[in-house]
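Each chain, letter by letter, is given below.
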Amino acid sequence: MLIYTLKRLAEALPTLLVVILLAFLLTRAAPGGPFDEEQAMPPEVRANLERSYGLDAPLHEQFLRYLGGLLRGDFGPSFTFKDYSVSELIAEGLPTSAALGGAALLLAVLAGIPLGLVAALRARGWLDRLAMGLAVGGIALPVFVIGPLLVLVFGVYLDLVPVAGWGEGAWLDRILPTVTLALPIVAYLARLTRGSVLEVLQSPFVMAAKARGVARHSLILRHVLPAAMVPVIGYLGPASAAILTGSLVVEILFGIPGIGRHLVMGALNRDYTLVMGMVILYASSMILANLVADLGCAAVDPRIRLGRRR
Amino acid sequence: MSALLQALDLEVSFPLGQGWTRRSVLRALRGVSLSLGRGEAVGIVGESGCGKSTLARVLLGLIKPDSGQVLLEGRAVAHHDRDALLELRRRVQMVFQDPRGSLNPRLTILESIAEPLRCLRPEFSASERRMLIMHTLEQVGLDRGLASRYPHELSGGQCQRAGIARAIVAKPDCLVCDEPVSALDLSIQGQIVNLLADLRREIGVGVLFISHNLSVVRHLCDRVLVMHLGQVVEEGNVVQVFTAPRHPYTQLLLSSELVAEPGRPLPALPDGEPASPLSPPAGCSFVGRCPVVMEACRHEPPPVTRDPDGHATRCYRWTDSTSSIHSPAIPLSTDARRPR
Amino acid sequence: MTRDRSLWAESVSRLLDHSAAVASLAILSAMVVAAVIGPWLSPHQAEVLDWSMMGAPPDLLSGHWMGTDRLGRDLLVRTLEGMRISLLIAVAAAIVSLVLGTLWGAIAGYSGGRIDSVMMRGVDVLFAMPTLFFVILLTTLFSRSPLLLIACIGLTGWLTVARVVRSETMALASREFIEASVACGARPAGVVFRHLVPNLAGTVVTYATLLIPQMILVESFLSFLGIGVQEPASSLGNLIAEGAAELDAAPWMLVGPAACLVLLVFCFNYLGDGLRDALDPRRRR
């Protein structure tokens, strides 16, 4: 397991480095500098500005300096929020975004897996049909459609929850954003769990356990679930990715002051350093999530860590 | 006159494993030589994985050998020369193991059979091509109406007849048949073997028949080569080899053939694991299962003893017991005697 | 001869047996036709403001069947035009993905060996990358032209295509009929175009159908955030964003475009599933 962990780490780190390098090069390759929006300025002023941002050094030196900054948690200054550094903007928004994403992931797991399990155990029953109907809808409906529709029904017509905002920790405010973000994942997890459990239920080792007279609840808990969880745990990597992208929509839609909103605002305002910092942050979270999911799979399924299956 | 098709000392190995570190190597052919005369039928038998199919593909130029040569009428075929390969394929054609899999599912039977004509005999016009194909369909016993059908609409036996039609339509001198009947029903197998025998008689085409079915080889062929782990271990005419097998492996093959006869006991076979082509033993490749193994067999590969009548065996037992009677050992290949 | 049935003909008849796919195909055709000629037939125009009808709800009598937006623009026409733009971008991006992915996958799969492992290693690395965030970065850095948008969105889809085409090519290349064709003296180009490509076509067509809804979703996602299609043009994503902003006052502004988007995505997915079943006899139950 240790060897497998190290191996996966050795794969993830270069990927991250490639991400940073690509983001850096793209930023430098972009036509026009970040100061083009300003009025025409005398060349010496521009040179001064560029020097103060370190834009006059050779490219590899700039990259190494940027990389060094990243290691110290310094993403550079923001070009549009003149008084803030990118790090400050991240520090300000990250707790909110993390709370939103974490809550959504937790909700998705707590709702999706049991839903799929029950649907599989009562295959073709009404609950199964309901769950699978929901799942199909949840997969075809993107967050930016579900969100407004939920707001329309529960916020506007039924007036049960506030239509926007994150509140000062008021949980009522947080229900709708969290549910919106979690719903597509719930749908996918439910479908995945159902399929996986059904497949395991048909496998010879479960048949053999049944034939030995293992009691139903211990059959499900000890034999079926651990085997069925492998693809589900593996999906948690892509699920985290979906939550990260979905959170952009949710933060914009509900006006939640997280980093997703900074990213979108930065993109609209062409704030190079801000967007670059955010992209690197999101990319590393995604790579980390994938790493954790892979390690989780390996912990459950010894075949993976022995390299027999990927 | 030199033989139509000859192989000299063919060596082929395949790298195994994925990625950058390809350490292990599968040695599919280890110094194989053979010759096939005009109109002759030669059988190649041996267990699966002994290199029979690889040999067929090397003879057609589909696999480039690591060393050794393929000779067409005594001239070496250059595997990188497209014209030389075309000439080889004009003279030598192949019948494949999987009748359905060897026909493109999206082409009609007519289109599939037309391919060798278009590529190898561009001198024919479209109408001449069509006539030739129709004639060939009759030769292999296929209804002309099937020409416009697709492979999935035909039975396995019909597909194999179409495969044979494709192989003979460009009038080759010899057919290399790689297990042409093993994927077919038992009742169909006989028909296909008879078809090949008829074709040999009627159009004088030579046949190199690769099979693990001994009785089919006995029925169809003049000579037979027994292969084991990438080497030819015995060679001779069918009567010699099948009535008086010399190599212990040939004896094992013959005795393990099941005969449908009530009351006859199942053959008693030796235990032991077959050797792996990944790491062939240092000495004789058959030491693991040989009932008469000697000390010498374990260290040095045995030489080949060849009788004047062409019966050749790669075995120490045979050198020992017959060296006084027969001519001294002539190696089938010099390379095979080098210890590894 | 009626009994001559090519695999293509069989596939078409199998597709016609798949009722959900046929229905999807019908709905999609109707939507495409509406998106192309609908705005032209309508008495209203997308950019014309109807000062007497600002933020009017759907009403058959007024001629604004799906209502108007805050500025009095007819929503039916705007939705149809948005659909046209969404479809155009999605189809173009799907073509970018397919061409790139098919070439990459086919070359890697047919070459094998070291070329294959290098090419697929590259795909693996890119697969681990958050492409969508790179698209956001690209739209930040470069001018937001439709062409850049198409290229960016296309870049998010080609990796999967490359993987699928590669494994399919490898499976095909090991089939005996490829070898048989070489043994018949066919040139490499002949093998590729006569044998490989026609047998890959089914997979590629299926993937194209499944890629388009993905591309529609990515485009709408970006447009929803305001970094996709730029005003004055608008796609379904922009319209949904506008609708979401006017939710309490004019919910029809959301419902119409959202319904169109969901219907498009659903239909393409069903059609793709139907095609997959029809073109691949092994998957038939």
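Figured I'd write up the structure that's included with this text. Please read all numbers here as calculations on a predicted model, not as lab measurements.

## Digging into the interface of chain B and chain C
Logical step 1: The partner chain C presents 29 residues to the 32 residues of chain B that form the contact.
Logical step 2: Both faces considered, chain B and chain C share a buried interface measuring about 2900 Å² in area, 50% of it formed by carbon and sulfur atoms.
Logical step 3: Between chain B and chain C we count two salt bridges in total.
Logical step 4: The interface formed by chain B and chain C contains 11 residue pairs in polar contact (both at pLDDT 80 or more).
Logical step 5: Among the elements that line the side of chain B that touches chain C, the one with the most residues is helix H3 (residues 109–120) of chain B, at six residues.

## Focus: the side chain of Thr245 of chain A
Logical step 1: Assignment of secondary structure puts Thr245 of chain A in helix H9 (residues 216–254).
Logical step 2: At 3.0 Å, the side chain of Thr245 of chain A and the backbone oxygen of Ala242 of chain A are in polar contact.
Logical step 3: Not counting chain neighbours up to four residues away, the residues in contact with Thr245 of chain A comprise Leu132, Phe133 and Phe221 of chain C.

## Concerning unusual backbone geometry
All names here are of chain B.
Logical step 1: For Lys171, which is not glycine, the phi torsion reads 55 degrees and is therefore positive.
Logical step 2: Structurally, Lys171 is set in the loop between helix H5 (156–168) and strand S7 (174–178).
Logical step 3: A positive phi angle is found at Leu229, which is not glycine, with a value near 50 degrees.
Logical step 4: For Leu229, the position within the fold is in the loop between strand S9 (223–228) and strand S10 (231–237).
Logical step 5: On the basis of relative accessible area, Leu229 is assigned to the buried category, the value being 6%.

## Observations concerning the nonpolar core
Logical step 1: Leu248 and Leu263 of chain A together with Met83, Phe133, Leu222 and Leu264 of chain C are the most contacted members of the largest nonpolar core, which totals 147 residues.
Logical step 2: Sorting elements by how many residues they give to this core places H9 of chain A first, with 19 residues.
Logical step 3: Val45, Val95, Leu154 and Ile192 of chain B belong to the second largest nonpolar core, which has 61 residues in total.

## Remarks on the sheet that holds strand S1 (residues 5–15) of chain B
Residue and element names in this part refer to chain B.
Logical step 1: Spatially, S2-S1-S4-S5 is the arrangement adopted by the four strands of the open sheet, whose pairing is antiparallel. Two strands lie at the open edges of the sheet, namely strand S2 (25–36) and strand S5 (75–76), each paired on one side alone.
Logical step 2: Sheet analysis places S1 next to strand S4 (residues 67–72), joined by five bridges and oriented antiparallel. Bridge pairing in S4 links Glu11 to Ser67.

What counts, and at which threshold
Residues numbered from 1 in each chain as written. Chains lettered and ligands numbered in written order. Predicted model: local features only at pLDDT ≥ 70, side-chain atom pairs only at ≥ 80, totals over all residues. Heavy atoms only, no water. Contact = heavy atoms within 4.5 Å. Buried area = accessible area lost by both parts, 1.4 Å probe. Salt bridge = Lys/Arg side-chain N within 4 Å of Asp/Glu carboxyl O. Polar contact = N/O pair within 3.5 Å; in protein donor to acceptor, adjacent residues only side chain to side chain. Helix = DSSP H or I, 4+ residues; strand = E, 2+ residues; numbered from the N terminus. Buried < 20%, exposed > 50% of the residue type's maximum accessible area, 1.4 Å probe, protein only. Core = buried A, V, L, I, M, F, W, Y, C linked by side-chain atoms within 4.5 Å. Pairing = 2+ DSSP bridges.

This is a description of form; function is not addressed.
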